[in-house]
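A structural walkthrough
This is what each chain is made of:
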Amino acid sequence: MVANLRKRAEQDLAVTLEGPDWGMPIELVSPTTGQEYSVNGQVIYKTLETDPTTGVRILVEKPVVTVRLSSLSEKPNPGETWLVRIPRAPEADEPKDNYVTEIAHEHGRSIGFIRLPLTKAGQS
Amino acid sequence: MTMKFRTVKSSLVNLLEAEAAGRFRTFASQTQGKSAADFSGTNRTVRVFYSNGDFDKNRSVRGPYGHDLTFDLEFIVAENALVDLTVLNDPNATPAQKMSALAAKANASDLADDSWDEFADIIFQIIMDARNIDLGLADYTVSSRWVTNIQKNDIEPVGEYVVLTGKMVLTAHVEEIVSGETPVAGDKIVGTVTIKDDPNTNNTGVENDLS
């Protein structure tokens, strides 16, 4: 039986998000169980140039991680702070940097993915 | 002769640099396209620039010219979140330890807000210290130095760093003396001035002997 388009789009995430061409290794640590999860997902590194009222121009990296919900046995909920480790650059075997989820995530309820904007984490 | 507002600006920058004690940095110009990471922690930055000047027209057209200065001291603070990474990245840490570490995270926005407030406090204390009434210059070079306004902007929370900017407005007054591009030296008057007091007549007078 042919799955409906929505289900097929979700199944396609195995290629578009997690496949070898686009997927990058991502590690997540849950704040409610302390468990670590390793999945493949999409990492976008964007640079945001801010221009507030003082005319200041500051370049801020704006990394966003997108992962397939069905690949996570535990899903981030609104307001939770997860630790997320992503490669420093989209290259194989790049060392990972630590981030946390402070900004509200976007939940792709239509197709089954979640987008996590990241805040850099330093040592306390 | 250089206009005094430039001298005041240089002195203000030097004063802030001398008093920084590793707590912040001072720039004398607007930087272009710096990264947020460059402004984090004690690299929070105050940028000093002359933004406005008013001249009282009801003065002598020959000078000196009263110049009301306005300086904008722009603050830039950037902070990331803080969490115990030694626990979170320890492969031997238990899930309970990791949960505790994440629960104890310090929010980037809270850290940025606290840092900005502390920064404004430090700069205000330096500028308004009575010992700095002349902003590091000779007596009576600058008068009426006053912080008229502090403004904090909204947090820019998007991105790996939280960025928070704002400014402190400082005003002062100087007397600008214009000597032109090729000043002419004034004549000198050399002489002796004796002030005489005659106790018998209760007269006091001045005896001039000018040559």
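**Overview of the pairing of strand β3 (residues 58–68) of chain A**
Most of β3(A) is tucked away: 8 of the 11 residues are buried. Of the pairings in the sheet, the one linking strand β2 (residues 36–50) of chain A to β3(A) comprises 9 bridges and is antiparallel in character. When the sheet's bridge partners are listed, A:E49 is paired in β3(A) with A:L59. Examined bridge by bridge, β3(A) and strand β2 (residues 34–35) of chain B share 2 bridges and lie parallel to one another. Across the sheet, the residue bridging to A:L59 is B:S35, located in β2(B).

**A few points about the confidence of the model for chain B**
Averaged over every residue, the pLDDT of chain B is 88; the share at 70 or more is 91%. Per the prediction output, this complex has pTM 0.82; the corresponding ipTM is 0.85.

**Details of the side chain of A:N98**
Mapped onto the fold, A:N98 is located in strand β5 (residues 96–100). A residue is classified by how much of its surface remains accessible, and A:N98, at 13% relative accessible area, is buried. A polar contact of 3.4 Å, which involves the side chain of A:N98, links it to the side chain of B:N89. Aside from chain neighbours lying at most four places away, what touches A:N98 is A:L83, A:V84, A:R85, A:K120, A:A121, B:L85 and B:N89.

**Some details on unusual backbone geometry**
Residue and element names in this part refer to chain B. In this model, Y140 sits at a positive phi of 70°, which is unusual for a non-glycine residue. Non-glycine residue S144 carries a positive phi angle of around 55°. Tracing the backbone shows S144 in strand β6 (residues 143–152).

**Quick notes on helix α4 (residues 108–128) of chain B**
Residue and element names in this part refer to chain B. Given a rise of 1.5 Å per residue, 21 residues ought to cover 30 Å, and the 30 Å separating the end C-alpha atoms of α4 matches this to within 8%. All buried positions along α4 are accounted for by A108, A112, S115, W116, F119, A120, I122, I123, I126 and I127. When α4 is viewed along its axis, its buried side chains cluster within an angular range of 165° and face the same direction. Facing away from the buried side of α4, by more than 90 degrees, are the exposed residues D114 and Q125.

**Here we look at the packing of aromatic side chains**
Residue and element names in this part refer to chain B. Applying the stated rule across the entire model yields 6 aromatic pairs over all chains. Considering the side-chain rings of F75 and W116, the 5.4 Å spacing of their centres and the 70° angle between planes classify their relative orientation as edge-to-face. You can see F75 sitting in strand β4 (residues 65–79) and its partner W116 sitting in helix α4, a full 41 residues away along the chain. For W116, a relative accessible area of 3% corresponds to the buried category. Linked through ring pairs, F24, F75, W116 and F119 together constitute an aromatic cluster.

**Side note on the packing of helix α1 (residues 4–19) of chain B against α4(B)**
All names here are of chain B. Running from N to C, α1 and α4 point in directions that differ by 120°, and their axes come no closer than 11 Å. In terms of orientation, α1 lies oblique with respect to α4. Note on packing geometry: the crossing formed by α1 with α4 is right-handed. From α1, L12, L15, L16 and E19 reach across to α4, where they touch I123, I126 and I127. Of the residues that constitute the contact of α1 with α4, the class distribution is 6 nonpolar, no polar and 1 charged.

**Comments concerning the interface of chain B and chain A**
On the side of chain A, 37 residues touch chain B, which itself brings 38 residues to the contact. Counting the surface lost from both chain B and chain A, the interface buries some 3000 Å², and carbon and sulfur atoms represent 59% of this. Our enumeration of links across chain B and chain A arrives at 2 salt bridges. The residue A:E102 makes a salt bridge to B:K105 at a minimum N-O spacing of 2.7 Å. Our count for the contact surface shared by chain B and chain A stands at 19 residue pairs in polar contact (both at pLDDT 80 or more). Those elements that provide at least two residues to the side of chain B that touches chain A are β2, β4, β5 (81–83), α2 (85–88), α3 (95–103), α4 and β7 (162–176) of chain B. Here the side of chain B that touches chain A takes 4 residues from α3(B), the largest share from any one element. For the side of chain B that touches chain A, a count of residues per class yields 17 nonpolar, 13 polar and 8 charged. In the sheet, strand β8 (residues 119–123) of chain A pairs with β5(B) via 3 bridges, with the strands oriented parallel.

Calculation notes
The written sequence of each chain sets the order in which its residues are numbered from 1. To read the labels, note that chains go from A and ligands from 1, taken in the order they are written. For a predicted model such as this one, the threshold for reporting local features is a pLDDT of at least 70, and the threshold for listing and counting side-chain atom pairs is 80 or more; totals across whole chains, interfaces and linings nevertheless cover every residue. Side-chain descriptors were evaluated using all non-hydrogen atoms of the structure, hydrogens and water having been removed beforehand. Between buried and exposed lies partly exposed: a residue is buried under 20% and exposed over 50% of the maximum accessible area for its type, with that area taken using a 1.4 Å probe on protein chains only. For helices the rule is a DSSP run of H or I covering at least 4 residues; for strands it is a run of E covering at least 2, with both sets numbered from the N terminus onward. Any two strands with at least two DSSP-identified bridges between them are counted as paired. Per-residue confidence from the predictor is given as pLDDT, running between 0 and 100. Nitrogen and oxygen atoms within 3.5 Å of one another constitute a polar contact, given that in protein one can donate a hydrogen and the other can accept it, and given that sequence-neighbouring residues count only through two side-chain atoms. Any two residues having at least one pair of non-hydrogen atoms within 4.5 Å are treated as being in contact. Helix span, expected: 1.5 Å multiplied by one less than the number of residues in the helix. The directions from the helix axis to the C-beta atoms are what the arc is built from. Each Phe, Tyr or Trp ring (for Trp, its six-membered ring) is paired with any other whose centre lies within 6.5 Å, and the angle between the two planes then decides the class: stacked below 30 degrees, edge-to-face above 60, tilted in between. Convention adopted: a line fitted to C-alpha atoms gives each axis, helices being fitted over their contacting stretch, and angles between N-to-C directions are expressed from 0 to 180 degrees. Relative orientations are named as follows: roughly parallel for angles under 35 degrees, roughly antiparallel for angles over 145 degrees, roughly perpendicular for angles from 65 to 115 degrees, and oblique for any other angle. Less than a right angle of anticlockwise turn of the near helix away from the far helix marks a crossing as left-handed, whereas a clockwise turn marks it as right-handed. Each residue gets one of three labels, nonpolar for Ala, Val, Leu, Ile, Met, Phe, Trp, Tyr, Cys and Pro, charged for Asp, Glu, Lys and Arg, and polar for the others, Gly among them. When two parts are put together, the accessible area they lose, computed with a 1.4 Å probe and summed over both, is reported as buried area. One side-chain nitrogen of Lys or Arg within 4 Å of one carboxyl oxygen of Asp or Glu is enough to make a salt bridge.

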